[in-house]
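Summary of the model geometry
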Amino acid sequence: MSTSTPMPADPASSYRAVENLIARYAELVDDGDFAGLGILLADATFTGSGEPVSGRDAIEKMFQDTLIVYADGTPRTQHVTTNVAIEVDEQASTAVSRAYVTVLQALPDLPLQPIAGGRYHDRFERRDGQWRFVERRVRINLVGDVSRHLRQAAAQR
């Protein structure tokens, strides 16, 4: 009788899985799918400009309360994630990443323009064979006209 040892995970596969989570976040925000964001970040702590938020329902509510959604169900944005650097520790089943983000927005009466730029700092873990967010920290350091993107900014107009 032989015993088998688990095969080590493929680093390229892990890298791609983490990269896909980063891309999925942008898709969900731009689609206005805040329930999907709650699911994606259910096991994570999200830190943006306010207090850190954890848990599926709290994260979904934070996005609903923060972002303006238009008749098409979206915030009319496109999050462009670049300069992605991912470091995977296969033995620990963890990963970290950092990336730049540029947020573009266009509306019928607002020409396409960048409205924000910053960085993401993320932590991930693999549980039950699946990679997931553990932490997303967003630091926006370049701010344009966000009055049609963020509810708080719109209230200050």
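A short tour of the structure in this document, coming up. If you're wondering where the values come from, they're calculated on a predicted model, not measured in any experiment. (Residues numbered from 1 in each chain as written. Predicted model: local features only at pLDDT ≥ 70, side-chain atom pairs only at ≥ 80, totals over all residues. Heavy atoms only, no water.)

As for the sheet that holds strand 6 (residues 130-143)
Our working rule: Here, a strand pair is defined by DSSP locating no fewer than two bridges between the strands. Numbered from the N terminus, helices here are DSSP runs of H or I no shorter than four residues, and strands are runs of E no shorter than two. Residues count as neighbours in contact if any of their non-hydrogen atoms are within 4.5 Å of one another. Here, axes are lines fitted to C-alpha atoms. For helices the fit covers the stretch in contact, and angles between N-to-C directions go from 0 to 180 degrees.
What the 6 strands build is an open sheet, ordered 2-1-6-5-4-3; its pairing is mixed. At either margin of the open sheet sits one strand with a lone partner, and together these are strand 2 (53-54) and strand 3 (77-89). Across 3 bridges, the pairing between strand 1 (residues 45-47) and strand 6 is parallel. Bridged to Thr 45 within strand 6 is Glu 135. Along the sheet face, helix 1 (residues 11-31) touches strand 1, strand 3, strand 4 (94-107), strand 5 (110-127) and strand 6 and points at about 160 degrees away from the line of strand 3.

Brief notes about the pattern of salt bridges
Between side chains of opposite charge, a pair can form when the charged atoms approach closely. Where we set the bar: Put simply, a salt bridge is a Lys or Arg side-chain nitrogen that is within 4 Å of an Asp or Glu carboxyl oxygen.
Following the criterion strictly, the structure yields 12 salt bridges and no others. Among the salt bridges present, the one from Glu 27 reaches Arg 24, with a minimum N-O distance of 3.2 Å. Linking Glu 27 with Arg 24, this pair stays in helix 1, spanning 3 residues, or about one helical turn. Residues Asp 72 and Arg 76 are paired through a salt bridge, measuring 3.4 Å at the closest nitrogen-oxygen approach. Beyond isolated ion pairs, a larger network of salt bridges with shared partners links Arg 123, Glu 135 and Arg 137.

Remarks on helix 3 (residues 56-66)
Going by this rule: The cut-offs for exposure are 20% and 50% of the maximum accessible area for each residue type, with area from a 1.4 Å probe on protein chains only; residues under the lower value are buried, those over the upper are exposed, and the others partly exposed. The arc in question is formed by the directions pointing from the helix axis toward the C-beta atoms.
Burial in helix 3 covers these residues: Ile 59, Glu 60, Met 62 and Phe 63. Along helix 3, the residues classed as buried sweep out an arc of 160 degrees about the axis, all on the same side. Contacts made by the buried residues of helix 3 are with helix 1, helix 2 (34-40), strand 1 and strand 2.

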